[in-house]
Amino acid sequence: EIGDLVWQSLLRHAVTEPDAALLVDSPFPLVWAPNWLAQGHGVALREAADACGLWEPSPLAASASNHESPRTSESAVLAASRPIPAAAATAANVVRHQAATAFGLPVEHVEPPQLVRYKPGERYLLHVDWGKSDDASLWLAGQRVATVL
């Protein structure tokens, strides 16, 4: 199963990557990799989100109706289809390739980087990062099997 292969790849990454550490392995692996994202790439992505006006209400925050949303934040998707500076496009490409390598997946299976920002008092309550079986986007992109934070 693809999920098992991704998890095995992630566990190998935790053992072989300098400064990485496996924090927990059940019910899923959680790996701490403090130097995974180069500071310059992070800065380029954040500056592009700010300069290009990419910040929007985070999807779960935007879809809240009669009940309190579990998420009150803003997100910026750094996709190739969006107008971002060359440095940010390069950084987004590097992030996608690093994630593909860490998870043992083709880069085509990795979503574009998403930045999320929280202002004082905003939150993201307990949740999972995979879609429910009735989520129509699963027909387009498939199920999410891993997340890089």
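Residue positions within a chain follow its written sequence, with the count starting from 1. Residues qualify for local features only when their pLDDT is at least 70, as the model is predicted, and side-chain atom pairs are given and counted only at 80 or more; totals for whole chains, interfaces and linings, by contrast, use all residues. The side-chain quantities take in all heavy atoms of the structure and omit both hydrogens and water.

1. What to know about the pattern of salt bridges
And step 1. Salt bridges are counted wherever a side-chain nitrogen of Lys or Arg sits within 4 Å of a carboxyl oxygen of Asp or Glu. Inspection of the entire model under this criterion finds four salt bridges.
And step 2. Residue glutamate 56 is joined to arginine 82 by a salt bridge in which the shortest nitrogen-to-oxygen separation is 3.4 Å. Remark: arginine 82 occurs in the loop between β4 (74-77) and α4 (86-103) and glutamate 56 occurs in strand β3 (residues 56-57); sequence separation between them is 26 residues.
And step 3. For glutamate 56, a relative accessible area of 40% translates into the label partly exposed. For the purposes of this entry, the term helix denotes a DSSP run of H or I that reaches at least four residues, the term strand denotes a run of E that reaches at least two, and both are numbered from the N terminus. Residue exposure (1.4 Å probe, protein chains only): buried if accessible area is under 20% of the type maximum, exposed if over 50%, otherwise partly exposed.

2. Overview of helix α2 (residues 39-51)
And step 1. Take the residue count of a helix, subtract one, and multiply by 1.5 Å to get its expected span. The first and last C-alpha atoms of α2 sit 18 Å apart over 13 residues, in line with the 18 Å expected at 1.5 Å per residue.
And step 2. Along α2, the positions that sit buried rather than exposed are Ala44, Leu45, Ala48 and Ala49. All buried residues of α2 project into a common sector of 130 degrees when viewed along the axis, lining one side. Exposed side of α2, more than 90 degrees from the buried face: Gln39 and Ala51 are the residues found there.
And step 3. Following α2 by one or two positions, glycine 53 adopts a phi angle in the positive range, close to 60 degrees. Note: the arc covers the axis-to-C-beta directions of the helix.

3. Details of the confidence of the model for the protein chain
And step 1. Per-residue confidence for the protein chain gives a mean pLDDT of 82; residues scoring 70 or more make up 88%.
And step 2. Least confident of the elements in the protein chain is helix α3 (residues 59-62), whose mean pLDDT is 58; most confident is α2, at 95. pLDDT expresses, on a scale from 0 to 100, how confident the predictor is about each individual residue.

4. Section: the packing of helix α1 (residues 2-16) against α4
And step 1. Running from N to C, α1 and α4 point in directions that differ by 100 degrees, and their axes come no closer than 7 Å. Comparing the axis directions of α1 and α4 gives the class roughly perpendicular. Contact with α1, carried on its side by Val6, Ser9, Leu10 and His13, involves Thr101, Ala102 and Phe103 of α4 and no other residues of that element.
And step 2. Ten residue types, Ala, Val, Leu, Ile, Met, Phe, Trp, Tyr, Cys and Pro, are classed as nonpolar, four, Asp, Glu, Lys and Arg, as charged, and the remainder, Gly among them, as polar. Split into classes, the residues belonging to the contact of α1 with α4 amount to four nonpolar, three polar and no charged. The convention used is that axes are lines fitted to C-alpha atoms, helices contributing only their stretch in contact, and that angles between N-to-C directions extend from 0 to 180 degrees. In what follows, roughly perpendicular refers to angles from 65 to 115 degrees, roughly parallel to angles under 35, roughly antiparallel to angles over 145, and oblique to any angle outside these ranges. Two residues form a contact once any of their heavy atoms are found within 4.5 Å.

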